[in-house]
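Survey of secondary and tertiary structure
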Amino acid sequence: VELSNQIAAGEVIERPASVVKELVENSIDAQATQVLITVKQAGLKFIEVNDNGKGISADDVEVAFLPHTTSKIADDHDLFNIKTLGFRGEALASIASVSKLTVLSSTDGKSAIKAKFSGNELIKKETFARSKGTTMTVEDLFFNTPARLKYVKSLHTELNKIVDIVDRLAMGHPEISFRLIHEGKDLVWTSGNNNLQQTIAGIYGRMVASHMLEFENSDPDYEIRGFFSKPDTTRSNRNYVSIILNGRYIKNFQLTTAIIRGYGSKLMVARFPIAVIDIKMDPSLVDINVHPTKQEVRLSNEGHIGDLISEGIKNRLSGQNL
Ligand code: ADP
Ligand code: MG
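The paragraphs below set out a description of the structure included in this document. The structure presented is a predicted model; accordingly, all values stated were derived computationally and were not measured.

A few words now on the pattern of salt bridges. Working definition: two side chains of opposite charge can pair if their charged atoms are close together. Here the structure, examined in full by the defined rule, presents eleven salt bridges. A salt bridge links Glu 25 to Lys 21; its shortest N-O distance comes to 3.3 Å. Placement of both Glu 25 and Lys 21 in helix 2 (residues 16-29) is noted, with a separation of four residues, approximately one turn of the helix. Here Lys 21 falls in the buried class, since its relative accessible area comes to 11%. Asp 186 is the partner of Arg 179 in a salt bridge, and the nearest nitrogen-oxygen pair spans 2.7 Å. A residue is classified by how much of its surface remains accessible, and Arg 179, at 25% relative accessible area, is partly exposed.

Looking now at the nonpolar core. Counting residues in hydrophobic clusters, the biggest one holds 57 residues, and the most contacted among them are Val 24, Ile 37, Phe 65, Leu 101 and Val 103. Looking at this core, the element that brings in the most residues is helix 6 (residues 155-172), giving eight residues. Counting contributing residues, this core receives three or more from each of domain 1 (2-189) and domain 2 (211-318). With residues up to four places along the chain from it excluded, the contact list for Phe 65 reads Leu 92, Ala 93, Ala 96, Leu 101, Val 103, Phe 117, Asn 120 and Met 136. Counting 27 residues, the second-largest nonpolar core is a separate cluster that includes Phe 215, Tyr 263, Met 281 and Ile 309.

For the rest of this paragraph, the subject is the environment of Lys 100. One can find Lys 100 in strand 3 (residues 100-106). Between the alpha carbons of Lys 100 and Asn 144 there is a distance of 9.7 Å; along the sequence they are 44 residues apart. In this structure, Lys 100 is in contact with Phe 117, Ser 118, Thr 137, Val 138, Glu 139, Asp 140 and Phe 143, ignoring residues within four places of it in sequence. A distance of 3.3 Å separates a polar atom in the side chain of Lys 100 from a polar atom in the side chain of Asp 140.

What counts and how
- Residues numbered from 1 in each chain as written.
- Chains lettered and ligands numbered in written order.
- Predicted model: local features only at pLDDT ≥ 70, side-chain atom pairs only at ≥ 80, totals over all residues.
- Heavy atoms only, no water.
- Salt bridge = Lys/Arg side-chain N within 4 Å of Asp/Glu carboxyl O.
- Helix = DSSP H or I, 4+ residues; strand = E, 2+ residues; numbered from the N terminus.
- Buried < 20%, exposed > 50% of the residue type's maximum accessible area, 1.4 Å probe, protein only.
- Core = buried A, V, L, I, M, F, W, Y, C linked by side-chain atoms within 4.5 Å.
- Domains from an automatic or database assignment.
- Contact = heavy atoms within 4.5 Å.
- Polar contact = N/O pair within 3.5 Å; in protein donor to acceptor, adjacent residues only side chain to side chain.

If you want it as structure tokens, here you go:
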């Protein structure tokens, strides 16, 4: 079992940022309103995700770490109508197989269960006390898979990837307050008051957020809104263009191109905007079973959605005196 978990881990858990992604997605799925992420040495030494979600019961805690156990799919039909972020049930088992993981969780805010795993093996289980929610602590990632450790890039790169993941999850969930602390320093801190512009401020800073333009261009099937920078505030790469579909950060080349197209000739060559586009649509029309990391997403009507986006941005810009 351990070997197959480590193989699965290679697929899902590539680097510290993958751990952060899976743990924070679980917090979101557990209906947390506050998620605190504490990281040391770009996550290689220490990653802790603390939430105030519904918690894991003492009975379920071991089961949650078995491969392919998920509490999130009731029947086959659900696979085509996925609203929660996790649905494969392999993340915790994978993380536990390549690290030393401690879970502390309470479902009632009184009694809590604390369980320690090392390379998938339960080494300690005891009762505790804590407020309602879950704390997952992942130490010494890849300690037992030195080959995987070799693929990890510089601490700088790995930390950037963590920030990226937290940024994206925070953008998809303005109703949740996210705070990311690395070596005692706040890197992300969003309000959680369900305001997208304030969420952007918690990510890119207040100055950037307050200078962005807002647009909306919906039709009966697609609700599209967002914030984008004026053409004089640009970046040299596309990393500041974010697309959120039904609360999930996605990668989609056509829609990214549509955002840029909305600027027409107002954007200088090789410059890219800062933009956060929020799309809501019928989840059954989204094909998300594309890649294990669930980021590259296909849409049945990409061309039309792209037109709504570029048209919305173009109209908003034409009303501006720039
Ligand atoms: P998945 O998210 O795909 O169901 P995971 O391996 O990520 O699989 O998690 C397994 C199970 O553990 C989840 O289905 C959930 O029941 C439970 N779980 C994990 N993290 C949390 C959390 N932060 N709060 C509450 N339950 C959690
Ligand atoms: Mg999960």
